[in-house]
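Here's the letter readout for the chains.
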Amino acid sequence: MSDRKKNWVMDYETLADCFLAVFEEYKSDEVHVFTICKLRNDLPKLLDFLKQNIRNKEWHISFNGLAFDSQITEYIIQNHTKFLKQSGEDVAKKIYSKAQDCIQRSNAREFQEWSETKLSIKQIDIFKLNHWDNPAKSSSLKYIQYTTDWHNIQDMPIDHTESINTVEQLKTVASYCRNDVASTKFIAMVKSAKQIELRGTLTKQYGINLYSASEPRIAKELFLLFLSQRANIPAKAMKKLRTHRKSIQVRRILLPYLNFKTQEFKKMLFTFQHLIINAVNTKDAFKYSLHYRGVETKMGLGGIHGAKKGIYEEGNGMIIMTSDVVSYYPNLAIRNKWAPAHLPQKEFSELYEWFFDERRKISKKDIRNYVYKIILNATFGLSIDKHSFLYDVELGMKITINGQLSLMMLYEMLAEEVPGCIPLMQNTDGVEMLIPEQYKDLYLEICKRWEGITKLELEHDQYHKIIIPDVNNYVAIGKLKEITKEEYEEHKIENPHNIYVHENGTYKYATTKCKGRFDFNDLALHKNKSFLIIRKALFYYFVHGIEPEDYLKQNRNIFDYCAGAKAKSPWQFIETGVKNGAFYETKLQKTIRYYSSKSGSKLMKFNKADQRKHNVEKAGQQTIFNVYQEKTWAEYNVDDSFYIKKIRKEIAGLIPNLYKQQVSLF
């Protein structure tokens, strides 16, 4: 093998009496497969390969490698002398035992035997890097294969407890493993390349290995580095600091300026003034619902959300104002000089404000802008994270509770003082209001007064139209803005879904903002993209006026018609149907991809514990599409009516608001 430095995307399969390893070079198609079992023993070749990796300082790139594959690698390296004296079958059994130990440690959330710093071969873990180990983003490789439209979503075809006795079985395991490696390489090179590059730059700049770091960890590590230098406290000592509390009396942490006029909001403030939070377990730390002007607003640890269902469009003397607080949670801490109780308040506040000020000076294309954004935004989450040196639940509660109450104060001021104001939506850092155009100056004046009270800053814009099915789902269309031809072409490339108008030598565009069921463009890979065609059709109907039937004819990307599902124990997917006049029932793998078809089967979930069964989809038939097959559209036999019904149901659920103007600006 060549001594040129190479980096390897890799994956291991550990069965009861068989171990298989696949390595594919990151920048070429070079592949190495090593097998250790009773049929074949490639241990000497594998050891030579690993020695080359160490000698040339080559990296391993994997999915969940830090908690699994790297541990197996280190186990083999540390025990290679005695393993060389044993049979392939015996070595495979010992590796299998170690693999089970790694799995048990992970399930128990225990540390693995070798930390990242103790590993012989450097690692990039795509799983950790993307924070897919976070319960809120939890994703397996199979699920990411689904969300990236990978051609082959395949679970291990042979149970890990099964004995390997034939060459054909070996080929089956190798084929499966190579598919996993190829998909991991795709995720790394295509979907995570910028993230890897960013972490490489930060690692070299600050001397901290951040290659497999999630964004919260980047924030934690760099904030620690900067603060330890500013406060002249060793990072190692600061890293151990925490403030532990049993409870928090909310009255003590409320900002003195909080004040309300109406009974609904006074009752809300009274409730929070008498609230005591369990600081040991912050799950559902607080919840509150407020009904005001036909809008239900819900408050909780995750933020504040409220919306008035309907379709709203400027016209008839009405405009839609949207106002967001600039870097809301970070600025609350900065303006009020809040800090974790165990850290030096002056140095913490000065550094936090420095991050904010520096970010505003730097172009968004500059890597530091993104890094400072991560640091600023992650602080709230880290304040309630027991594993963080910023841990002080009181700081987290100060930020979120005062932030929500302050926003509600703005909400009440605008709704009560602007004649004819109709509240439409409130979220964690902003509000949307339908107001008479003649009172726009009054609206901005009230906002300015709120800024003076809170020492915070608001950014304002106007929407042409906003469609709101509920609090978690909406699409907002901005007003047309005139731009240059160069800007016009650049915007069309970056986001072709926006509205573009070119007439009489003038170039204009309007932005669109989508959330929830309307969001389809560049979705985060851990999010469910099932039946993406429905989201796209809704967007193009409300934004571009294209009828669903016409949009479906324009978009014949089979992946957009697919849904994905995963079954957790004790559930099992089952495919049922009739073939050649006989009923059949077939067990399926844990992760499936399917679409609605005119003729196919019925997909069901079966509970092996209590024998319950229910349909995966209530209506129609489904075709399993785990393995991509290129066909003509007619051959796919897609049931367009299934999708049209769902799209039409969404549209029918939105009743136009009284102020909706039928004449579009576009």
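Look a little higher up for the structure.
Within each chain, residues carry numbers counting from 1 in the order of the written sequence. Restriction of local features to residues with pLDDT of at least 70 applies here, the model being predicted, together with a cutoff of 80 or more for giving and counting side-chain atom pairs; totals for whole chains, interfaces and linings are based on all residues. The basis for every side-chain value is the complete set of non-hydrogen atoms in the structure, without hydrogens or water.

Caption draft 1: Up close: the pairing of strand β12 (residues 318-325). Note on exposure labels: buried denotes an accessible area under 20% of the residue type's maximum, exposed denotes more than 50%, and partly exposed covers the range between, all computed with a 1.4 Å probe on protein chains only. Strands here are runs of E lasting at least two residues and helices are runs of H or I lasting at least four, both read from the DSSP assignment and numbered beginning at the N terminus. For β12, the buried fraction is high: 7 of the 8 residues fall into the buried class. Any two strands with at least two DSSP-identified bridges between them are counted as paired. Two elements, β12 and strand β14 (residues 430-436), share 7 bridges in a ladder whose sense is antiparallel. Its bridge partner lying in β14, I320 is registered against L434. Across 6 bridges, β12 lies against strand β15 (residues 458-470) in antiparallel orientation. Its bridge partner being in β15, S323 is matched across the sheet by H460.

Caption draft 2: Up close: unusual backbone geometry. Between S569 and the following residue, P570, the backbone shows a cis peptide bond with an omega angle of 10°. On the secondary structure map, P570 appears in the loop between β21 (562-566) and β22 (571-579). Its identity as a non-glycine residue notwithstanding, R293 has a phi of 55°, on the positive side. Of note, R293 is situated in the loop between β8 (287-292) and β9 (295-300). In the Ramachandran plot, N504 falls in the positive-phi region, its phi being about 55° despite a non-glycine side chain. Structurally, N504 can be placed in the loop between β18 (499-503) and β19 (506-510).

Caption draft 3: A look at the pattern of salt bridges. Salt bridges, as used here, are contacts in which a Lys or Arg side-chain nitrogen is within 4 Å of a carboxyl oxygen on Asp or Glu. Taken as a whole, this structure holds 38 salt bridges when the rule is applied. Here R40 ties to D42 by a salt bridge, and the two come within 2.9 Å at their closest N and O atoms. On the basis of relative accessible area, D42 is assigned to the buried category, the value being 5%. A salt bridge links E417 to R449; its shortest N-O distance comes to 2.6 Å. With E417 in helix α16 (residues 393-417) and R449 in helix α17 (residues 440-454), this pair connects stretches of sequence that are 32 residues apart. For E417, a relative accessible area of 23% corresponds to the partly exposed category.

Caption draft 4: Broad picture of the pairing of β22. Here β22 lies mainly inside the structure; 7 of its 9 residues are buried. Pairing of β22 with strand β25 (residues 602-607), which is carried by 6 bridges, proceeds in the antiparallel orientation. Bridging across to β25, E575 finds its partner in L603. Strand direction decides the pairing type here: β22 and strand β23 (residues 582-587), joined by 6 bridges, are antiparallel. Across the sheet, the residue bridging to V578 is F583, located in β23. Counting the residues between successive antiparallel strands, the hairpin from β22 to β23 contains 2 residues, one of them, N580, with a positive phi of roughly 55°.

Caption draft 5: Broad picture of a negative patch on the surface. On the surface, E486, E487, E489, E490 and E494 cluster together into a negatively charged patch. Along the polypeptide, E489 turns up in helix α18 (residues 485-494). Each patch is assembled from residues with relative accessible area greater than 30% and no salt bridge, linking like charges that lie within 9 Å and nonpolar side chains (Val, Leu, Ile, Met, Phe, Trp, Tyr) that lie within 5 Å. To measure how exposed things are, a 1.4 Å probe is used in the Shrake-Rupley method; for residues, cover is taken only from the protein chains shown. This count recognises Lys and Arg as positive and Asp and Glu as negative, with His and chain-terminal groups excluded. Note that the charge is assigned to NZ on lysines, CZ on arginines, CG on aspartates and CD on glutamates.

Caption draft 6: Region of the structure containing the nonpolar core. Among the nonpolar cores identified, the biggest contains 92 residues, and L222, F223 and M268 are the most heavily contacted of them. Tallying contributions element by element places α16 first for this core, with 14 residues. Note on definitions: a residue-residue contact is assigned when non-hydrogen atoms from the two residues lie within 4.5 Å. Setting aside chain neighbours within four positions, we find F223 in contact with F348, L351, Y352, F355, I375, T379, F389 and L390. We call a set of buried Ala, Val, Leu, Ile, Met, Phe, Trp, Tyr and Cys residues a nonpolar core when their side-chain atoms join them within 4.5 Å.

Caption draft 7: Up close: empty space enclosed by the protein. Both site types are read off a 1 Å grid over the protein atoms alone. A 1.4 Å probe that fits but cannot get out defines a cavity, while an open set with protein on both sides within 12 Å along at least five of seven lines defines a pocket; lining residues have an atom within 4 Å of a point. Grid points are joined across faces, edges and corners, and a volume is the space filled by probe spheres set on the points. In this structure the tally under the stated criterion is 1 cavity of 30 Å³ or more. One number sums up the size of the largest cavity: a volume of about 40 Å³. Forming the boundary of the largest cavity are L202, Q205, Y206, I367, R368, V371 and Y372. Put simply, the parts of the chain that give the lining of the largest cavity at least two residues each are α8 (193-206) and α15 (367-383). The greatest single-element share of the lining of the largest cavity, amounting to 4 residues, is contributed by α15.

Caption draft 8: The arrangement of helix α4 (residues 88-107) in detail. Compared with an ideal rise of 1.5 Å per residue, which puts 20 residues at 28 Å, α4 spans 29 Å between its outermost C-alpha atoms and is within 8% of the ideal. Within α4, burial applies to G88, V91, A92, I95, Y96, K98, A99 and C102. With its phi angle positive at about 55°, R109 sits one or two positions after the end of α4. Given a helix with a known number of residues, its expected span is that number minus one, times 1.5 Å.

Caption draft 9: Structural context of the sheet that holds strand β5 (residues 123-125). One open sheet accounts for 5 strands, arranged β3-β2-β1-β4-β5; its pairing is mixed. Of all the strands in the sheet, the pair left with one neighbour each is β3 (31-37) and β5. Sheet twist, expressed as the mean angle between neighbouring strand axes with direction ignored, is 25°. Relative to β5, strand β4 (residues 60-62) is paired through 3 bridges, and the arrangement is parallel. Within β5, the residue paired with H60 across the bridge is Q123. As a rule, the C-alpha atoms of each element are fitted with a line to give its axis, helices using only the stretch in contact, and angles between N-to-C directions run from 0 to 180 degrees.

Caption draft 10: Region of the structure containing the packing of α8 against α15. At their nearest, the axes of α8 and α15 sit 11 Å apart, and the two run at 90° to each other. With respect to their mutual orientation, α8 and α15 come out roughly perpendicular. The segment α8 lies against α15, with Q195, L198, T201 and L202 engaging I367, Y370 and V371. Each residue is assigned to one of three groups, with Ala, Val, Leu, Ile, Met, Phe, Trp, Tyr, Cys and Pro labelled nonpolar, Asp, Glu, Lys and Arg labelled charged, and all others, Gly among them, labelled polar. Taken together, the residues that form the contact of α8 with α15 break down as 5 nonpolar, 2 polar and no charged. Any angle between 65 and 115 degrees counts as roughly perpendicular, while under 35 counts as roughly parallel, over 145 as roughly antiparallel, and the rest as oblique.

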